Amino acid sequence: MPKQKEQKQKEPKQKEKNEQKEEKSKMVTVEIKKSQLVYEKDLQTLQIELLKMQNHIKETGKKLLLIFEGRDAAGKGGTIKRITEHLNPRGARVVALDKPSDTEKTQWYFQRYASHLPSAGEIVLFDRSWYNRGGVEPVMGFCTPEEHEDFLRSVPAFERMLMNSGIQILKFYFSVSKDVQAKRFKERKSDPLKHFKISPVDEKAQILWEKYTVAKYSMLLASHTPGTPWTIVRSDNKKTARINCIKHIISHVEYPDKISNDFLEIDKNIILDGNDEVRFMESKMNIKMD
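Below is a summary of the structure that appears in this document. Everything numeric here is computed off the predicted structure, so don't read it as measured data.

Things to note about the side chain of lysine 247
Next up, step 1: Within the fold, lysine 247 resides in helix α11 (residues 238-251).
Next up, step 2: Buried and without a salt bridge, lysine 247 has aspartate 42 as its closest oppositely charged side chain, separated by 5.4 Å.
Next up, step 3: From its side chain, lysine 247 meets the backbone oxygen of phenylalanine 263 in a polar contact 3.2 Å long.
Next up, step 4: Contact partners of lysine 247, with chain neighbours within four places excluded, come to Leu46, Phe263, Leu264, Glu265 and Ile266.

So, the packing of aromatic side chains
Next up, step 1: Tallied over the full model, the rule gives 17 aromatic pairs.
Next up, step 2: Between phenylalanine 110 and phenylalanine 151, the aromatic rings sit 5.9 Å apart at their centres with planes inclined by 25°, giving stacked as the arrangement. Of this pair, phenylalanine 110 sits in the loop between α4 (102-105) and α5 (111-114) while phenylalanine 151 sits in helix α7 (residues 145-164), and the two are 41 residues apart along the sequence.
Next up, step 3: We classify phenylalanine 151 as buried; its relative accessible area is 2%.
Next up, step 4: A ring pair is formed by phenylalanine 126 and tryptophan 130, whose centres lie 5.6 Å apart and whose planes are at 55°; its orientation type is tilted.
Next up, step 5: You can call phenylalanine 126 buried: its relative accessible area is 0%.

A few points about the nonpolar core
Next up, step 1: Judged by nonpolar contacts, the single largest core of 32 residues is most densely connected at Met53 and Phe68.
Next up, step 2: Mapped onto this core, the elements with two or more residues apiece are α2 (34-60), β1 (63-70), α3 (76-84), β3 (122-127), β4 (167-175) and α11.
Next up, step 3: Counting residues in each nonpolar core, the second largest holds 27 residues, with Tyr109, Tyr113, Ile167 and Ile169 among its members.

Here's the deal with unusual backbone geometry
Next up, step 1: Here alanine 73, not a glycine, exhibits a phi torsion of approximately 65°, which is positive.
Next up, step 2: Along the chain, the position of alanine 73 falls in the loop between β1 and α3.
Next up, step 3: Unusually for a residue other than glycine, arginine 128 sits at a positive phi of about 75°.

Definitions and cut-offs
Residues numbered from 1 in each chain as written. Predicted model: local features only at pLDDT ≥ 70, side-chain atom pairs only at ≥ 80, totals over all residues. Heavy atoms only, no water. Helix = DSSP H or I, 4+ residues; strand = E, 2+ residues; numbered from the N terminus. Buried < 20%, exposed > 50% of the residue type's maximum accessible area, 1.4 Å probe, protein only. Lys, Arg positive; Asp, Glu negative; His and termini not counted. Salt bridge = Lys/Arg side-chain N within 4 Å of Asp/Glu carboxyl O. Polar contact = N/O pair within 3.5 Å; in protein donor to acceptor, adjacent residues only side chain to side chain. Contact = heavy atoms within 4.5 Å. Phe/Tyr/Trp six-rings, centres within 6.5 Å; stacked < 30°, edge-to-face > 60°. Core = buried A, V, L, I, M, F, W, Y, C linked by side-chain atoms within 4.5 Å.

Below you can see the structure in the form of structure tokens.
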């Protein structure tokens, strides 16, 4: 009898061990790079800071406008996604306008953008903006040379009016190299989940690379002002670009209990002032200034 009792006690334990062994056999080992873990940790910390920032903006009635420009496949959309991922959608909006309607084409150029500007307590992120007329439109022939020149003359005054109305503006230009852009276009074509990102404009981006460069240069010269300067984000490495862009945003908005400045230190090889980018472009393009 004792042996039978002992055998009965062993059977459930053995069954449990077999079940555990079977479950373990279904598991797979996943290797994660250390750099990925660091990125995820830093991103989470920054997203918490963005929430604190949003709460303060809502409580104080401030208005924050974030403008994201850059070449196609430069990483603007991915950065915007990480910024807004955990924000309260009631106080944060992404504006990504389609091509203007026939009616909008007859209006004052800035009119269709003005209706999307932030109200008190809001954060608005423009995924491309009125700077379409500073880049894509003149290169693709969607506006006349006269309209382009008029835009470059008008945009500093327009943004000064926005500032005077209490809107804080941060402008980012995501700069990607030609080789990396070509690689990302190739990935879009091979990935079914990224097919929606491909457009006729994308198809010509590589061919018209130099024209886009000249348009970018003219845009920076005309619209990099003390009140609304451009911040250039080197984005060949998307993750590094995202982290540094978010750090820059947090550094330029005041709110209580902000994380230490040490954590918000940016990589100066990734984040550049617009004037520095102009000088860099001049050295590459051999542009002679009067």
